[in-house]
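# Working through the structure, step by step
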Amino acid sequence: MDPRFPRAKSSTTRPPTLIDSLTDALARRETKSARRRLTVLPQTAVDFSSNDFLSLSTSAAYRDRYLAHLNHAPASYPFASGGSRLLDGNSVYAEELEKFVAAFHGAPTALLFNSGFDANVGVLSSIPQPGDLILYDELIHASAHEGMRLSRAGSRKMFAHSSPSSLRDVLASQIAADMGVKDGTRNVFIVVESIYSMDGDVAPIKAFVKAVDELLPCGNGYFIVDEAHATGVVGPRGAGVVQELGIQDRMFIRVHTFGKALASHGAMVLCGSETRDYLINYARSLIYTTALGFPFLASIRASYELLSSGDTEPLQRRLQQLIQHLRRQLDGLQAGPSTFFEVDHFPTSPIFSLRTSLPRQLAGFCQQHGFVVRAIMPPTIPDGKERVRVCLHAGNTTEDIDGLVRMIQLWLNRHRATRVANL
Ligand SMILES: Cc1ncc(COP(=O)(O)O)c(C=O)c1O
């Protein structure tokens, strides 16, 4: 220590302040290369990251329709929400929108939430009753975890990702431990996503249904399926995986979110009318928040009109062509040992994982060369599963894709050279 500047006495003895604790937590994340930062990337960069899968957010068809809805509203129509849905935040427009979305998805009713996060929290925190059991996929979204944490359910058990046999094993052990599960006294909720946000894989929902129906013949197995990443992208006119499989009547709840392919914001819970009524009474993330205002409702309406008229089907097809193109290009990479770089991809999914132990470096390299891709680090994904996530959009071009793959190859070559030089 410099004797001219003795440390103030209090600084050596004082207990850590709150700010010290927060700074320490951030430093721990930094050490693990897991510190999150807000970034703004140049507008000229090619988007291989956002969840705007259909590129609707920049499409003229969507903008025109959205602006028409705004312009056709009577001058006296409030653009602000006015309050919570139960007070002044409700409107004929909101109720018609819910009916429109429910009809499109072949559901009895729909209930609007301000976000997918709020929808999952509202459903899972309020619906499972004391003593009920929740079984959830190990990769379920953080919002479902928040909802389960607040839930009064008696217990929750995890099963291995997208594994019907693991679901079977976990459910069988619960049945063995508690007769109420088998005889239908306890409700069992099975919580899955239809397409997983980070791995992009499609859940084997039919196999899950088969397992649950065999093990719970009393009919007390209730499916809650989050279709956030399937909405607009998969199924008839983008209606989702469940409707593609034709099993909508077997699902207790479906959650469709609008902040991804639908270029908007908010989410709807599709369910029966009693469940909808229950949520209006008990889902705190619906009750104690200001409802979405008219501009958001109009944007949701605009995107659902595009879906239901079939106008987005060419975008769905284009996206599939681009997926196959990127897949072929990635298959042709000279990547070296799979321990260093590996592509994880579920056929037909717009989400690709480039698995490497140096995801930040690869993402940074691509970003410097004008391609927006993101490193995904724990705790967003499990330890050891860090990757660069690449998302395709209907508005990407094959030239964009070829450019990105060239950059990945260049980065791999440089790394191979550095590794050889260090041997
Ligand atoms: C699977 C899944 N569910 C729910 C959400 C939350 O949706 P929202 O962004 O509308 O809050 C997300 C978004 O990240 C998601 O990926």
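Residues numbered from 1 in each chain as written. Predicted model: local features only at pLDDT ≥ 70, side-chain atom pairs only at ≥ 80, totals over all residues. Heavy atoms only, no water.

The name given to the protein in an unreviewed UniProt entry is Pyridoxal phosphate-dependent transferase, with Penicillium alfredii as the source organism. Comment text from UniProt for the protein, heading Cofactor (unreviewed entry), reads "pyridoxal 5'-phosphate". Taken from UniProt, the Sequence similarities (unreviewed entry) comment for the protein reads in full: "Belongs to the class-II pyridoxal-phosphate-dependent aminotransferase family. BioF subfamily." (UniProt positions renumbered as here; feature names shortened; annotations may be inferred.)

### A short note on the domain arrangement of the protein
Once the domains are mapped, the protein shows domain 1 (36-54 + 313-421) and domain 2 (61-308). Listed by partner, the interface residues are 18 residues for domain 1 and 17 residues for domain 2. Interface of domain 1 and domain 2: buried area, both sides summed, is about 1500 Å²; carbon and sulfur atoms make up 56% of it. Put simply, domain 1 and domain 2 have two salt bridges between them. The partner of Glu313 in a salt bridge is Arg237, with the nearest N and O atoms 3.8 Å apart. For the side of domain 1 that touches domain 2, the secondary-structure elements that each account for two or more residues are helix H14 (313-331), strand E10 (351-356) and strand E13 (387-391). A total of three residues in the side of domain 1 that touches domain 2 trace back to one element, the largest contributor, which is H14. (Domains from an automatic or database assignment. Contact = heavy atoms within 4.5 Å. Buried area = accessible area lost by both parts, 1.4 Å probe. Salt bridge = Lys/Arg side-chain N within 4 Å of Asp/Glu carboxyl O. Helix = DSSP H or I, 4+ residues; strand = E, 2+ residues; numbered from the N terminus.)

### A word on the site of the ligand
The local shell around the ligand consists of Ser115, Gly116, Phe117, Asn120, His141, Ser143, Glu193, Ser197, Asp226, Ala228, His229 and Lys260. In this structure, His141 approaches the ligand through a side-chain N or O atom, which is 3.2 Å from an oxygen atom. In this structure, Asp226 approaches the ligand through a side-chain N or O atom, which is 2.5 Å from a nitrogen atom. Relative to its unbound accessible area of 390 Å², the ligand is 80% covered by the protein chains. In terms of residue count, helix H5 (residues 116-126) provides more of the shell around the ligand than any other element does, three residues in total. Taken together, the residues of the shell around the ligand break down into two nonpolar, seven polar and three charged. (Near = heavy atom within 4 Å. Polar contact = N/O pair within 3.5 Å; in protein donor to acceptor, adjacent residues only side chain to side chain. Areas by Shrake-Rupley, 256 points an atom, 1.4 Å probe, with all protein chains shown as cover. Nonpolar A, V, L, I, M, F, W, Y, C, P; charged D, E, K, R; others polar.)

### Details of the sheet that holds strand E7 (residues 251-257)
In spatial order, the strands read E2-E8-E7-E6-E5-E3-E4; together these seven strands make up an open sheet with mixed pairing. Two strands lie at the open edges of the sheet, namely strand E2 (109-113) and strand E4 (155-159), each paired on one side alone. Adjacent strand axes in the sheet meet at a mean angle of 20 degrees, parallel and antiparallel pairs treated alike. With five bridges joining them, strand E3 (residues 133-137) and E4 adopt parallel strand pairing. Its bridge partner being in E4, Tyr136 is matched across the sheet by Met158. Sitting on the sheet, helix H11 (residues 273-282) is in contact with E2, E7 and strand E8 (267-271), with an inclination near 25 degrees to E2. (Pairing = 2+ DSSP bridges. Axes fitted to C-alpha atoms, helices over the stretch in contact; angles between N-to-C directions.)

### Focus: the sheet that holds E10
In spatial order, the strands read E9-E10-E13-E12; together these four strands make up an open sheet with antiparallel pairing. Only two strands of the sheet have a single neighbouring strand rather than two, namely strand E9 (341-345) and strand E12 (374-376). Averaged over all adjacent pairs, the angle separating strand axes in this sheet is 30 degrees, with direction ignored. Here H14 sits on the sheet and contacts E9, E10 and E13; the angle it forms with E10, its principal contact strand, is near 20 degrees.

### Regarding the pattern of salt bridges
Applying the stated criterion across every chain, the model contains 16 salt bridges. With its nearest N and O atoms 2.4 Å apart, the salt bridge here joins Asp178 to Arg186. One salt bridge in this structure joins Asp199 and Arg387, with 3.2 Å as the shortest N-O distance. In this pair, Asp199 is assigned in the loop between strand E5 (188-193) and helix H9 (205-215) and Arg387 in strand E13, connecting sequence segments 188 residues apart. According to the relative accessible area criterion, Arg387 is buried, its value standing at 1%. Counted as one network, the salt bridges with shared partners bring together Glu30, Arg35 and Arg37. (Buried < 20%, exposed > 50% of the residue type's maximum accessible area, 1.4 Å probe, protein only.)

### Some details on H5
The element H5 is largely enclosed, with a buried count of 10 among its 11 residues. Its side-chain oxygen at 3.3 Å from the backbone nitrogen of Phe117, Ser115 defines the N-terminal cap of H5.

### Focus: the nonpolar core
Formed by 68 residues in total, the largest nonpolar core has its most connected members in Phe48, Leu171, Ile205, Phe341, Val390, Leu392 and Ile408. Residue contributions to this core peak at seven residues, all from helix H16 (residues 398-421). Per-domain counts for this core show at least three residues from each of domain 1 (36-54 + 313-421) and domain 2 (61-308). Dropping the residues within four chain positions of it, Val390 is found in contact with Phe48, Leu326, Pro350, Ile351, Phe352, Leu354, Val373 and Leu404. (Core = buried A, V, L, I, M, F, W, Y, C linked by side-chain atoms within 4.5 Å.)

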